[in-house]
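# Examining the three-dimensional arrangement
Below, each chain spelled out in residue letters.
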Amino acid sequence: MKVLVAAKRVVDYNVNVRVLSDESGVDLNNVKMSVNPFDEIAIEEAVRLKEAGQAEEVIVVSVGTSACQEQIRTALALGADRGILVETDEEVQPLGIAKVLKAIMDKEQPEIVIAGKQAIDGDNSQTGQMLAALGGYGQATFASEVELGDGTATVTREIDGGLETITVKLPAVITTDLRLNEPRYASLPNIMKAKKKPIDTYTPADLGVDVTPSIKTLKVSPPAERQAGIVVETVEELVDKLKNEAKVI
Amino acid sequence: MMANSLASDLAAIVGDANIATSTGDLEAYGRDWTRFYQPDPSMVVFPKTAEQLVQLVAIANERHLALVPSGGRTGLSGGAVAREREIVVSFDRMNRIHSFDPVDHTVLVEPGVVTASLQAYAEDQSLAYPVDFASAGSSQIGGNIATNAGGIKVLRYGLTRDQIAGLKVVTGKGDVLNLNQGLIKNATGYDLRHLFIGSEGTLGFIVEATIRLSAPPPDLNVLLLAVPGMDSVMRVFDVFRRKASLTAFEFFSDQAMNHVLSHQNIGAPFGDRSDYYVLLELEETSLEGAMTAFEACLEEGTVIDGVVSQSEQQRVDLWRYREGISESITPHTPYKNDLAVRISRVPEFLAAVSDTVSARYPDFELIWFGHIGDGNLHLNILRPADWSIESFKAECDSVSDEVMAVVARFEGSVSAEHGVGLLKRDQLHFSRSPAEIEMMLGLKQVFDPNNVMNPGKLLPR
Ligand SMILES: Cc1cc2nc3c(=O)[nH]c(=O)nc-3n(C[C@H](O)[C@H](O)[C@H](O)COP(=O)(O)OP(=O)(O)OC[C@H]3O[C@@H](n4cnc5c(N)ncnc54)[C@H](O)[C@@H]3O)c2cc1C
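Residue numbers restart at each chain and count upward from 1, following the sequence in its written direction. Written order determines the labels here, with chains lettered from A and ligands numbered from 1. Since the coordinates come from a predicted model, pLDDT governs what is reported: local features require at least 70, and pairs of side-chain atoms require 80 or more to be given and counted, while whole-chain, interface and lining totals use all residues.

Going by the annotation in an unreviewed UniProt entry, the name recorded for chain B is FAD-binding oxidoreductase, with OM182 bacterium MED-G24 given as the source organism. The Cofactor (unreviewed entry) field of the UniProt record for chain B holds the comment "FAD". UniProt positions are given in the numbering used here, feature names are shortened, and annotations may be inferred rather than shown by experiment.

The name recorded for chain A in an unreviewed UniProt entry is Electron transfer flavoprotein subunit beta, from OM182 bacterium MED-G24. According to its UniProt record, chain A has this under Sequence similarities (unreviewed entry): "Belongs to the ETF beta-subunit/FixA family." Quoted verbatim from the Function (unreviewed entry) heading of the UniProt record, the comment on chain A is "The electron transfer flavoprotein serves as a specific electron acceptor for other dehydrogenases. It transfers the electrons to the main respiratory chain via ETF-ubiquinone oxidoreductase (ETF dehydrogenase)."

Put simply, DSSP marks the helices as runs of H or I at least four residues long and the strands as runs of E at least two long, and each gets a number from the N terminus on. On a plain count of helices and strands, chain A comes out with 6 helices and 12 strands. Expressed along its principal axes, the backbone C-alpha trace of chain A runs to roughly 70 × 40 × 40 Å. Burial analysis of chain A (249 residues in total) assigns 39% to the buried set. For chain A, long-range pairs separated by at least 24 residues make up 70% of all intrachain contacts whose partners lie at least 6 apart in sequence. Partly exposed residues are those falling between the two cut-offs: more than 12 but fewer than 20 other C-beta atoms within 10 Å of their own, whereas 20 or more means buried and 12 or fewer means exposed, with C-beta atoms placed from the backbone. Contact between residues is assigned whenever the C-beta positions, reconstructed from backbone atoms, fall within 7 Å.

Another point: the site of the ligand. Using a C-beta atom placed from the backbone for every residue, we mark a residue as near a molecule or strand if that atom lies within 6 Å of it. Close to the ligand lie 38 residues, the nearest being Gly71(B), Gly75(B), Gly79(B), Gly142(B) and Gly143(B). Broken down by element, the shell around the ligand gets its largest block of residues, 5 residues, from helix 5 (residues 141–147) of chain B.

A residue's pLDDT is the confidence the predictor assigns to it, expressed on a 0 to 100 scale. Looking at chain B as a whole, its pLDDT mean stands at 95, while 99% of the residues score no less than 70. Reported for the predicted complex are a pTM of 0.87 and an ipTM of 0.83.

Turning to helix 1 (residues 37–51) of chain A, a few remarks are in order. Residue and element names in this part refer to chain A. One fewer than the residue count of a helix, multiplied by 1.5 Å, yields its expected span. For helix 1, spanning 15 residues, the distance from its first C-alpha to its last is 21 Å, which sits close to the expected 21 Å at 1.5 Å a residue. Within helix 1, 11 of the 15 residues are buried, which leaves the element mostly enclosed by the surrounding structure. For helix 1, the full list of buried residues reads Pro-37, Phe-38, Asp-39, Glu-40, Ile-41, Ala-42, Ile-43, Glu-44, Glu-45, Ala-46 and Val-47. Positive phi shows up at Gly-53, right after helix 1, with a value of about 80 degrees.

A few words now on the sheet that holds strand 7 (residues 138–148) of chain A. Residues and elements named next belong to chain A. Only strands that DSSP links by at least two bridges are regarded as paired with each other. Here 9 strands make up an open sheet; going across it, the order is 9-8-7-10-6-1-4-5-12 and the pairing mixed. Taken across any chain shown, the strands that pair with only one partner, and hence form the sheet edges, are strand 9 (162–169) and strand 12 (199–202). Strand-to-strand twist across the sheet, computed as the mean angle between neighbouring axes with direction ignored, equals 35 degrees. The sheet contact formed by strand 6 (residues 112–116) and strand 10 (residues 172–176) spans 5 bridges and is parallel. Here, axes are lines fitted to C-alpha atoms. For helices the fit covers the stretch in contact, and angles between N-to-C directions go from 0 to 180 degrees.

Okay, the interface of chain B and chain A next. Across the contact, 16 residues belong to chain B and 16 residues belong to chain A. At the level of secondary structure, the elements contributing two or more residues to the side of chain B that touches chain A comprise helix 10 (287–300), strand 13 (305–308) and helix 11 (312–323) of chain B. Examining the composition of the side of chain B that touches chain A, we find that 4 residues originate from one element, strand 13 of chain B, more than from any other. Looking at the side of chain B that touches chain A residue by residue, the class counts come to 6 nonpolar, 6 polar and 4 charged. One ladder, built from 2 bridges, connects strand 11 (residues 186–187) of chain A with strand 13 of chain B; its direction is antiparallel. Following the sheet pairing, Ala186(A) is matched in strand 13 of chain B by Val308(B). Side-chain classes follow a simple rule in which Ala, Val, Leu, Ile, Met, Phe, Trp, Tyr, Cys and Pro form the nonpolar group, Asp, Glu, Lys and Arg form the charged group, and the remainder, Gly included, forms the polar group.

The next subject is the UniProt feature "domain: FAD-binding PCMH-type" (unreviewed entry) in chain B. The sites that UniProt annotates as "domain: FAD-binding PCMH-type" (unreviewed entry) are residues 37–216 of chain B. Split by type, residues 37–216 of chain B is 22% helix and 23% strand. Its first and last C-alpha atoms lie 40 Å apart.

What follows covers the packing of helix 3 (residues 94–108) of chain A against helix 4 (residues 127–135) of chain A. Each packed pair of helices is defined by two parameters, the angle between the axes and the distance between the axes. Residue and element names in this part refer to chain A. At a closest axis distance of 8 Å, the pairing of helix 3 and helix 4 adopts a crossing angle of 50 degrees. By the angle between their directions, the pair helix 3 and helix 4 is classed as oblique. For the element pair helix 3 and helix 4, the recorded crossing hand is right-handed. Contacts between helix 3 and helix 4 involve Pro-94, Leu-95, Ile-97, Ala-98, Lys-99, Leu-101, Lys-102 and Met-105 from the first element and Thr-127, Met-130, Leu-131, Leu-134 and Gly-135 from the second. Across the contact of helix 3 with helix 4, the residue classes tally to 9 nonpolar, 2 polar and 2 charged. By definition in this entry, angles of less than 35 degrees are roughly parallel, angles greater than 145 are roughly antiparallel, angles of 65 to 115 are roughly perpendicular, and the rest are oblique. In this scheme the crossing of two helices becomes right-handed for a clockwise turn of the near helix relative to the far one and left-handed for an anticlockwise turn of less than a right angle.

Another aspect to go through is the environment of Asn380(B). Following the sequence through the fold, Asn380(B) ends up in strand 16 (residues 376–382). Placed 259 residues apart in sequence, Asn380(B) and Tyr121(B) show a C-alpha to C-alpha distance of 35 Å.

Right, let's get into the pairing of strand 5 (residues 82–87) of chain A. All names here are of chain A. Sheet topology note: the strand 4 (residues 57–64)/strand 5 ladder contains 6 bridges and is parallel. The partner of Gly-64 across the bridge, within strand 5, is Glu-87. If you view a crossover with the strands going away from you and the path from the first strand over the helix to the second runs clockwise, you call it right-handed. Read from strand 4 through helix 2 (residues 69–78) to strand 5, the crossover connection turns out right-handed. For strand 5 and strand 12, the ladder comprises 4 bridges, and the chain directions are parallel. In the sheet register, Ile-84 faces strand 12, and the bridge partner there is Asp-200.

Attention now goes to the environment of Arg35(B). Residue and element names in this part refer to chain B. Along the polypeptide, Arg-35 turns up in the loop between helix 2 (23–29) and strand 2 (43–45). Assessed through the 10 C-beta atoms surrounding it within 10 Å, Arg-35 is described here as exposed. Residues Arg-35 and Val-176 lie 141 residues apart in sequence; the distance between their C-alpha atoms is 34 Å.

Bring the parts together and some accessible area is lost; that lost area is often taken as the interface size. Residues and elements named next belong to chain B. What marks off one domain from the next here is an automatic or database domain assignment. Domain boundaries assigned for chain B yield domain 1 (2–93), domain 2 (97–212), domain 3 (220–326) and domain 4 (333–443). Between the C-alpha centres of domain 1 and domain 4 there is a distance of 31 Å. Each partner contributes to the interface: domain 1 provides 8 residues, whereas domain 4 provides 8 residues.

Bringing the nonpolar core into the picture now. Only buried residues count toward a nonpolar core: Ala, Val, Leu, Ile, Met, Phe, Trp, Tyr and Cys, linked into one set through C-beta atoms within 7 Å. Membership of the largest hydrophobic core comes to 123 residues, with the highest contact counts inside it found for Val5(A), Val60(A), Ala80(A), Tyr277(B) and Val278(B). For Ala80(A), the contacting residues outside a window of four places in its chain are Val5(A), Ile43(A), Ala46(A), Val47(A), Val58(A), Ile59(A), Val60(A) and Ala75(A). Listed in part, the 51 residues of the second largest apolar core include Val44(B), Leu56(B), Ala60(B) and Leu422(B).

The strand order 11(A)-13(B)-10(B)-12(B)-11(B)-15(B)-16(B)-14(B) describes an open sheet built from 8 strands, whose pairing is antiparallel. Pairing within the sheet leaves two strands with one partner each, and these edge strands are strand 11 of chain A together with strand 14 (335–340) of chain B. Here strand 10 (residues 220–227) of chain B pairs with strand 13 of chain B via 4 bridges, running antiparallel. Counterpart to Ala226(B) in the pairing with strand 13 of chain B is Asp305(B). The strands touched by helix 8 (residues 230–243) of chain B are strand 10, strand 11 (246–253) and strand 12 (276–283) of chain B; relative to strand 12 of chain B, the strand with the most contacts, the crossing angle is about 10 degrees.

Residues and elements named next belong to chain B. For helix 13 (residues 346–360), spanning 15 residues, the distance from its first C-alpha to its last is 22 Å, which sits close to the expected 21 Å at 1.5 Å a residue. By the burial criterion, the buried members of helix 13 are Val-346, Phe-349, Leu-350, Val-353 and Val-357. Buried positions in helix 13, seen along its axis, are confined to an arc of 100 degrees and lie on one side of it. In helix 13, those exposed residues whose orientation departs by more than 90 degrees from the buried face are Ala-351, Asp-355, Ser-358 and Ala-359. The secondary structure elements touched by the buried residues of helix 13 are helix 8, strand 15 (365–370), strand 16 and helix 14 (389–409). Throughout, the arc means that of the directions going from the helix axis to the C-beta atoms.

Another point: the pairing of strand 7 (residues 164–171) of chain B. Residues and elements named next belong to chain B. Taken across its 8 residues, strand 7 has 7 buried, putting it largely inside the fold. Relative to strand 9 (residues 204–212), strand 7 is paired through 7 bridges, and the arrangement is antiparallel. Bridge pairing in strand 9 places Lys-168 opposite Glu-208. Here strand 7 folds back onto strand 8 (residues 176–179) in antiparallel fashion, the turn holding 4 residues, of which Gly-174 has a positive phi close to 110 degrees.

Listed below in structure tokens is the structure:
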């Protein structure tokens, strides 16, 4: 069985992003980029399936600029077998990425696609769902446990206030939640070996996919700044402030 | 009555609101991070200006009082301990950041500024204050200067000493000295600034500092390596140092790893275990060079395995294996030593110290870790569960002189970065010759003729 994993290059989770002064977006100049944390979990899950003998091949796909090779190399070091870079300098939105992934599915015929439940840059949580709809595949989102059966996957989903367990037919799209697994570190010997693993490169056009954005960003603004705290001198002053300024009592 | 008149005289200087005498305050302000001494100060004062400190020193000289400068009280050698009715002079309320000079890249601060606040302030200027360690959230710049604090980035940015462009001090005699005034070049004889850095409050009060800020750090990566022996650790340091721009080079033993894994509830970083581990931090731009270095070491067998951070979160997580050690061994009331030798002598030194301790106490567990890129080794001796704290400390004290004799034989330091204070005072002679100590006492006489500044600390009385 083949497993396809999607890995997006995003601004590192720990970076304090700054909004551009013209409010057109966030400043990406000299900002540290990493694999989307939910995709790290997806890679780990795929590699575990392979280690458990349930998958023969793990293919990792990334859509974006040539710099995405870095993230593909990371996935290869973690245990994926080969990579596919769909290279474009356009800003690619969830629908565009879903279409690209659909085209790769047609080409590679994997039984399972594992992707993050969302990418931490756009926070859209759409790609996996759109891909399932485009291809008519099974769909199991927000997975915290995955078990493969005969032509099926039984997936525990994290839903509001509890867990839901569903069984989907393969091929299916599974999107990962935080508790699915704990990703391993990339081992240096494996990074050395991963240098020899192949990465194929296509453009969206090669795949016959149009990734022109369909959503236009009007404005990006930073969250309101929190005001610094003050020290009150007396209980009376505190009560007064709670009453008349904060208006909470 | 005497005490009362003293209190009112001090209150006349700093104001009633800036004196504390409650039992709780006396206890809290009478001790630092060490727990071996019973705090017993007579009172605590919180001056707000250099002028007030001049007046405090004048009264102290007049009445032969003892003053203990007190910063964040995170010191590990008892430097800020007051146990003999001294007056604690706390800098908690002298904590303003005065001004930043965008051309000089210096900032003028009062000594009570908390280290982490200075780091945050520097970041706001798109610069960095690169001295960092686990206690930075509580320690103060004045205390850092008085102990010449080091930490985890010394390899790249140096010690506190290397960031200080100028100091204003009030000496024990009452003189106000403006030392070096922020200059980079100043070839006009003795640089008294450097005498005050690391003086542990024995010469005078640091009342203002001009601090150089650095360019913000580039993106960093952490490598954690499994290494078969101490000689390999040194070899790995040599190989990586040639190929990559390192910001940290730390090591720890497999015993230390065991404690972290069971205490912090985190998984092992890789399958293979080894006797030692090395944590290297480097600038992302030299990752390529680091890979070449790793390949070379793997080939020759000086590393067995290794992992590298792929994100900022992983960088922080990998540091936990090293930074979690202190906390993990705390339940075993460790007897701590902070030793330094020349980097090249580390393996031989470590073996000699281990032999010395094990020969007498084969069942004491030794935990080694440290900033080995600086030749700085932390040796922690763990208390076996069936030993009482008292008898354990007494035994360790008695073996301590043997350990320090080894330090002396290797021409090392009995205190790498934690100062001398009370804890190491009687062992100073293992690192400093009688002539040197004589000279240090002479210097103290010059700045503090009546011995009002932190008496009994650092130097023999
Ligand atoms: C968890 C932990 C980790 C640590 N890690 C490190 C580390 O990695 N590297 C390191 O170097 N240290 C480390 N330390 C030790 C400690 O944090 C440093 O020695 C620090 O510099 C002490 O600063 P402080 O403000 O707490 O000083 P205090 O403990 O209050 O005082 C230290 C000495 O400075 C004197 N002093 C304080 N302020 C002044 C002043 N304004 N003028 C004159 N003298 C003054 C005091 O009298 C005393 O002798 C660590 C401590 C802890 C608890």
